[in-house]
Amino acid sequence: MFFLKCKQFFKSPVLVLATVLYFTWIIKKLLPGMIPEEGSVADAMTFPLVFIPVSFVFFMFFSYALFSREGKSKVNEVILTCRNGKVRSCFCDLCLILFINAFILLLFILFLGLQCDKALGSVQMDVLWFGIRCYLIHIILVNIFASLTGMAVSLIKNEIKAFAVMILLCCCFSQFFLESFYRLTGDHLDLQHMMDLFGLTTRMYHATADYDYIFSVESVDLQRILFWIFLVLTILAYHLLQRKKRFFASCCGAVTVLLLVLYMLPNGASYINIDMNAENISDAYDEEDRYYTTHTEQTGSLEHHESEEDFKITKYVADIHVNRILKADVEVYVDKPELETYMFSLRHEYRVTSVEDERGEQLNYRQEGDWITLQPEDAGKHSKFVFHYQGASKKFYSTSQAVRLPAYLAYLPFSGKRYLFLDFVQKYGEQDVSQVLYDGPLLEGPGYKTEYDITVDSSLKLYSNLPEIESNHFHGISDGVTLMANTFLNAEEISGVRVVHSKADPRYFLHNAETDDDMRKMWRSFIVENDLQGKTIFALGVVHGLDDNYRYFGEDHLVLMAPCTDQYQTFLKTGKHPYYEELTEEEILKDLEPLNNITE
Amino acid sequence: MMKRFWLQLKGMGIMFFLPILGYLLFIPFCVMILNRNIEEAEQRFFTAQHMCYQFIPILSTIWMYMFQKEYVEGEGREILILGRKIPLFSFIYWILNLPFIWASLHILKDTEGYREDLFYEMLVASFMICGLVFFLNFAISSIALSILLVVLYIWLSNVDIENVLVFRNGLQDVQQASQYLYVVLKGGGLMSEQAAVYSAMGALFWLCGLFKARRL
Amino acid sequence: MIEIKHLCKNFGRKKVLKNINCELSEGIYGLLGPNGSGKTTLLRCLTNLYPLTSGEIWINGISSKRGSKLRIGYLPQFFGLYKELTVKDSMRLFCNLKKVKGSDEKEIIEECLEAVNMSQYQDVSGRKLSGGMIRRVGIAQALIHEPKLVLFDEPTAGLDPEERMHFKKVISQLGKKETVLISTHIVEDIEASCDRVIVMNHGEICCVLSCKELVGIAEGKVYACKKGDEQQIPGKYFIEKQYEEDGEIYYRILTNEACEVLTPVSPVLEDGYMCVIKEI
């Protein structure tokens, strides 16, 4: 029967022409991406996502045309009288659609493979697998949903009504609709997240978070598309099946509800709504800025402040679970048990659920913005506090896909009242921003050495500046702990220094071996010049569209975006962030040299 | 003739009110929502203009589709003898849209930066699109396909076509292709070159449609 | 044996089938009734196209709700073919849907197309066939899998007189091991092919009789009378048709009341049907 359906398809000139045009369009758009100039693995992975909106429309109308043939040919009644005839007939048509989708997937994989080969010198399985997951979730499953929707719409006998429904559905899943609803939801994140259910065709290729995370392929994305697929299957089961239709429809409906519930659970999936103009969308792009500019009283973000700290933390014992969000149980040992009030600083994204003392008794606490205030009733008796908290940040993500928790981020409670907003005004007061070399402040961590014992429960391999005593279990003394993980993270030894970086970041992995060697040469000279033996360098993947260049210079590790390596030298010389005025023109040009070499 | 017109309107049923709801409720509501947090006058007007360009042309075709569908693909179309009056009625259905378009824009008039030219641009755009619909309906004898093609054209006109289509010579080709999209009317007003071109195109479509309809 | 027990079918508030009770054994049944009497609905209920509002259909002792495995051949009132496929390919598709064994497919298709005189059009695509030809293919597909229950809804609509005769020949070969139900308005087809006739009106079965018995109902009730004389008929009467004879216009009238202006004529099946429908 499948063969006959294929024969029927090939004899239908309109369908064949539409399919040929569609594939021609895909291939023609993919071809420029094959040009070796670009060569960025991350961009190659996400470029095919540009096809999502048109593919959605194409498959909906294509499958409508395919499935409505029976009604138009008046064969429907005969098919319906055959045992499971309609289901079998639809199944064969669906197989044809799946076959076309498989072919599309193959094209994308071929494209990705070729790009990988150019950029990385070989086809690497983790890159390929990430790309396949990306295409499956964001393109193929969306196409399948569109096809099933076309099938459902073909049940409408009136052709004009059917077309009107399909046009309406295309509008519902369009950027326009989503943008309008985002404006209606205001600042309610839950409502926004609910509206994001319609965000199937709005995640385009240029919404890459950064070159470590790249593009979200988390469970929430799968749940989003599966919700819609099972919703349509519920409708189809009810209308197409002849026997036990209520049973199957109920099962599909139950799965739909379950997927909706799962989708609504808190998640830290990172994404950027590049084309949205609504001001109240929280995404990785400006989540931080938006929070700190609207919660000024709770964060003191409008003025320059010095931190207030009247105790120190001597030890952290942290048990961190990373899945959809971060959940942490952190024991904090303080050096001054006699204080009546303890103030801690913890990023506002992490909400404390309880605080206990060493005996396990609940303590009263107040969490406002980035600060937690503890006023234990029996002061002087507490040298240890246990914090239980959970949350997610889209900018500093901690999910099953990737982890970016640098030392300067208060993902563990810092002692004292600290101003955690990383803003120029915060750090430099009234100074002219243009004076600052390479936008962005020098970031500070806890500021003193402490013992850390951190266990991370995650399916990813984590990298940290602390020694790893067991898998994802780190223990040591340091002035800050950085935790990083993602599919493409790679650690390599260069002149005795561990450099941790992403394979997908174009500044690290370029087209050919020569430039790769140059990069290593630059690292080697940087390491030797600055006596970095024994340290770890975390090179963060560039954040899309931002000029942020993070710099954290700790005692045992550096967190920076390449190639900000030059600033470390200046920091060592002067102990402070460099300014243009302090450098001669020659020095500036010399500082910019590594950057120029890479961009060439 | 009035009786015939009345019977046609009655035959549309509740669907007759769809364009009216679109003009008077949907467009102003959407503009209000989209302009919610925008303060710049130019941006506010741009949003209103964008909404009008997206929806007014398609709304102006609804009555024409509903009138012509019986003549194009209705099962009893062989007995519906209207002959020369098909183009006349089609034109009347286009004219019927104009007061509602005016009313819709009048509601939007309070938008800062509003320009009077927008009404004339909508006049030309809806004239051209309705002419295209008239021609397509009788040329391809399929209402559904005609709707699809027109919606596709309106959609292509309102998105960034460089993201959708493939252009060999980049910006040059994009600019050339853009000339065929009715959104070039934006900002031109009634006396602009684009308005003249599109009015002429519209008139040509109407004439071709007239020719096809009379051959029925 | 097919037993229909208290079958009701409603569409919204409208009761289309009201308490249908009937037993169908092997043989050929004709289904007669005026427009809107529920004939097509009854056929669709038998094929499980419509879920029943109430009542049951028992097929060989198994309720249809439990899913009978009886092979049903059905020719709907509006039947078409895929325009893109040839007649042979369409038949192969139907074979596949009806689970005809692949090895027997070719032979069975040839046989069925031969039976409806469509062998020479095997390789012609659906878009090139006339309405009557498509109808013949429809008859062929209904018989392709040797069904035990065959339902025809207006099978001879669009067929020329020669093909109608051919169809009657095909039907006459059925009915020994199968139950065949033919819904039609053409009384001659019923007369020629059917053993028994089911008369339906207003969603109910009025009677199930043999052709002879149905004719017998009109015995003594069918008269001819000159145009104008019908005013003199006492009681209820029904003018079946008008005809001309020797330059005079006559009416064929159905009535229970005889009178001098009425001339008795021999009844035919149509008369019996009209008597049942008009309750004369």
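Residues numbered from 1 in each chain as written. Chains lettered and ligands numbered in written order. Predicted model: local features only at pLDDT ≥ 70, side-chain atom pairs only at ≥ 80, totals over all residues.

1. Quick look at the overall build of chain A
Assigned secondary structure in chain A consists of 19 helices and 20 strands. Buried residues in chain A amount to 45% of all 600 residues. Sequence-distant contacts, at least 24 apart, represent 73% of the contacts inside chain A between residues at least 6 apart. (Helix = DSSP H or I, 4+ residues; strand = E, 2+ residues; numbered from the N terminus. Buried ≥ 20, exposed ≤ 12 C-beta atoms within 10 Å, placed from the backbone. Contact = placed C-beta atoms within 7 Å.)

2. Looking at the overall build of chain B
Secondary structure assignment for chain B yields nine helices and zero strands. For chain B, the α and β elements follow one another from N to C terminus as α-α-α-α-α-α-α-α-α. What you see for chain B is a C-alpha radius of gyration of 18 Å, in line with the 17 Å of a compact globule of 216 residues. Summarising its shape, the C-alpha atoms of chain B cover approximately 55 × 40 × 30 Å along the three principal directions. (Rg over C-alpha atoms; globule rule 2.2 N^0.38 Å.)

3. Considering the interface of chain A and chain C
Accessible area lost upon the coming together of the parts serves often as the stated size of an interface. Each partner contributes residues to the interface: chain A has 20 residues there, and chain C has 23 residues. Among the elements of the structure, helix H1 (2-10), helix H5 (69-73), helix H6 (76-81) and helix H7 (85-120) of chain A are those that each provide at least two residues to the side of chain A that touches chain C. It is H6(A) that provides the largest number of residues to the side of chain A that touches chain C, a total of five residues.

4. Regarding the interface of chain A and chain B
Taken together, the 13 residues of chain A in the interface contact 14 residues of chain B. Mapped by element, the contributors of at least two residues to the side of chain A that touches chain B are helix H2 (13-33), helix H9 (159-172) and helix H10 (175-185) of chain A. In terms of residue count, the dominant contributor to the side of chain A that touches chain B is H9(A) (four residues). Considered class by class, the residues forming the side of chain A that touches chain B number seven nonpolar, one polar and five charged. (Nonpolar A, V, L, I, M, F, W, Y, C, P; charged D, E, K, R; others polar.)

5. Here's the deal with the sheet that holds strand S3 (residues 342-345) of chain A
All names here are of chain A. Reading across from one edge, S5-S6-S3-S9 is the order of the four strands in this open sheet, with antiparallel pairing throughout. Sheet topology places strand S5 (365-368) and strand S9 (414-415) at the edges, where each strand pairs with a single neighbour. Note that S3 and S9 share two bridges and pair antiparallel. Directly across from Ser-345, in S9, lies its bridge partner Phe-414. (Pairing = 2+ DSSP bridges.)

6. Side note on the sheet that holds strand S8 (residues 179-183) of chain C
All names here are of chain C. Pairing is mixed in the open sheet, where six strands are placed in the order S6-S7-S8-S3-S9-S10. With partners counted over all chains shown, the strands left at the sheet margins are strand S6 (72-75) and strand S10 (204-210), one partner each. Across the sheet, the axes of successive neighbouring strands diverge by a mean angle of 15°, strand direction being ignored. (Axes fitted to C-alpha atoms, helices over the stretch in contact; angles between N-to-C directions.)

7. Some words on the confidence of the model for chain B
Where the model shows low pLDDT, its predicted coordinates should not be examined in detail. All names here are of chain B. Chain-level statistics for chain B give a pLDDT mean of 83 and a share of 91% at 70 or above. By mean pLDDT, the top-scoring element of chain B is helix H5 (residues 117-140) (90), and the lowest-scoring one is helix H7 (residues 161-164) (67). Scored as a complex, the prediction yields pTM 0.85 and ipTM 0.84. (pLDDT = per-residue confidence, 0-100.)

8. Some words on helix H1 (residues 39-46) of chain C
Residues and elements named next belong to chain C. When you tally the buried positions in H1, you get eight out of eight residues, the bulk of the element. By the burial criterion, the buried members of H1 are Lys-39, Thr-40, Thr-41, Leu-42, Leu-43, Arg-44, Cys-45 and Leu-46. Within two residues after H1, Asn-48 carries a phi angle of roughly 65°, on the positive side.

9. A few points about unusual backbone geometry
Residue and element names in this part refer to chain C. A positive phi is found at Asn-19, a non-glycine position, where the angle reads about 50°. Residue position: Asn-19 is located in strand S2 (residues 14-24). On the basis of neighbour counts, which here come to 14 C-beta atoms within 10 Å, the residue Asn-19 falls in the partly exposed class. Its identity as a non-glycine residue notwithstanding, His-202 has a phi of 55°, on the positive side. By secondary structure assignment, the location of His-202 is in the loop between strand S9 (196-201) and S10. The partly exposed category is assigned to His-202, around which 15 C-beta atoms lie within 10 Å.

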